[in-house]
Amino acid sequence: MSEIITLTRNNDFRRLYAKGKSFASGVIVTYVMKNRTGNIRFGITTSKKIGKAVLRNRSRRIIREAFRSISADLKPGYDLVFVARGKTPYVKSCDVLRSMKKELKEAGVLN
RNA sequence: UGAGUGGGAUAAACAGCUGCGGAUGCAGUGCCGAGAGGCCGCACCCGAGGAAAGUCCGGGCUCCGCAGGGCAAGGAUAACGGCUAACGGCCGCCGGGGGUGACCCCAGGGAAAGUGCAACAGAGAUAUACCGCCUGCUUUGCAGGCAAGGGUGGAAAGGCGAGGUAAGAGCUCACCGGCGCAGUGGAGACAUUGCGGCCAUGUAAACCCUAUCCGGAGCAACGCCUCACAGAAGUGUAUUCAUCUGCCCGAUGGCUUCACGAGGCGGCACUGAGCAGUACCGGCAACGGGCUGCCAAGAUAGAUGGCUGUUCACGACAGAACCCGGCUUAUCGUCUCACUCAUAAA
RNA sequence: GCGGAUAUGGCGGAAUUGGCAGACGCGUACGGUUCAGGUCCGUAUGAAAGCAAUUUCAUGCAGGUUCAAGUCCUGUUAUCCGCA
């Protein structure tokens, strides 16, 4: 039985940026790395480049919603970080879902 | 009808399913953790803004010694009267400026307390005599008088007209302006009337002077708890040191400097300078009082998303983070109230 | 949360107490020197209008004070930095 944990520490994010594999599309960038906990751990990055607070919140919500609908089909034991890009707050969540699916399949995390 | 001025309200709406955060009630005392603590089920309710923003002011709250005295230094404000917990805010009013008008704008104290600066131009810039005008003489000029006219400049010794004179000049007079004194009105700024009388430019968003006000730091404040650690250097009992800066006095403390890990809870959402309404009372108004109703975000990587359907004007600026009162800035529109001008009609 | 700094041609970077802004260097273009290139020397170089003389607009942006603002004041935008 695996559970979903939110990444909070800056350390974890740094480790993923440095050592994780990355997959990119126009709306989202995904960093993937195996961990030994047996759980799925994920985090979302929305930098100030995206825009003001409203746009950053919007990006985060869309990504979280896409992740929620896909999370049942994930293999356990991975750390994931999703980075929003400039376009992200202006697209619909199904677009994010599509590219997230594609990137996770490429990474081999998807069942 | 057109053009405009000043306020106010609103911030797409409705339905269904699902997802997220929180309060309350009920229940197992089940699960996780070394511990402080945390998590899980069901029901029902609530869940961003007019600016939540900028952090420009004023408070509350907390700690620093509960906040002391004097002189400095620094900062803020600036007609007058009021409102307010307070304010650099608001209301009223005065003065000045703009607009045909509704109305709008003004850092709006002091330049005879002192200092500085005013480039270039110009004869001369706080002082003067270049061209001039007038008189006299020994007449290509010299001496004396004058400051009206010319020219320069942002600014040239109140303005304009008349009298006056050798030529001129507030030298005299009328009007205007400004200054001083007195009277009247007003709570006051001030207005107005009378008399006297006319030498001193501008700049204080230059230094400065006057009046009033200001202790510092901030919720990563601060308090409590759990596990871990209990170290190194310096001062030597008060003439030193610390408490926002300097000096003096006073007070308190006994230590000061460096090092000081990981985590949890409270603070924190609460009856509060509270919010909404009002055919009520006082006040021109800001506002105060009365009455009625309500107590409905509270996260901690940070809650509002997704899908479906319908409608329209097709949706701007934009996300609470300790809490209030303002100011400023951003903003697609829609509705509404009062008023002004023009035209037409009555 | 608290606090500070900066913004000037294509680039770097001057401009004393407010008083002629675009100094100076780099770059670019043209010309000269050379058989050729480099070096070196000279001229031009913010934008718009105009044949030209010249005029207007230009110090991040919007206002204000002043006779006069890159400089002083207020608001605002962007960038950078410090402390906890």
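In the block above lies the structure referred to throughout.
Owing to the predicted nature of the structure, the values given are computational and were not obtained by experimental measurement. (Residues numbered from 1 in each chain as written. Chains lettered and ligands numbered in written order. Predicted model: local features only at pLDDT ≥ 70, side-chain atom pairs only at ≥ 80, totals over all residues. Heavy atoms only, no water.)

Engineer: I'd like a rundown of the nonpolar core, residues and numbers included.
Structural biologist: Membership of the largest hydrophobic core comes to 24 residues, with the highest contact counts inside it found for Ile 63, Phe 67, Leu 74, Leu 80, Phe 82, Val 96 and Met 100. For this core, the elements supplying multiple residues, two or more each, are strand S3 (28–34), strand S4 (40–45), helix H2 (53–70), strand S5 (78–84) and helix H3 (93–107). Considering each element in turn, this core owes the most residues, 5 residues, to H2. For Phe 82, the contacting residues outside a window of four places in its chain are Ile 28, Val 29, Thr 30, Phe 42, Gly 43, Ile 44, Thr 45, Ile 63, Phe 67 and Met 100. (Core = buried A, V, L, I, M, F, W, Y, C linked by side-chain atoms within 4.5 Å. Buried < 20%, exposed > 50% of the residue type's maximum accessible area, 1.4 Å probe, protein only. Helix = DSSP H or I, 4+ residues; strand = E, 2+ residues; numbered from the N terminus. Contact = heavy atoms within 4.5 Å.)

Engineer: Break down the side chain of Asp 79 for me, with residues and values.
Structural biologist: Note that Asp 79 resides in strand S5. Relative accessible area serves as the criterion here: at 0%, Asp 79 is assigned to the buried category. A distance of 2.9 Å separates a polar atom in the side chain of Asp 79 from a polar atom in the side chain of Arg 41. In contact with Asp 79, other than residues within four places in its own chain, are Arg 15, Leu 16, Tyr 31, Val 32, Met 33, Asn 35 and Arg 41. (Polar contact = N/O pair within 3.5 Å; in protein donor to acceptor, adjacent residues only side chain to side chain.)

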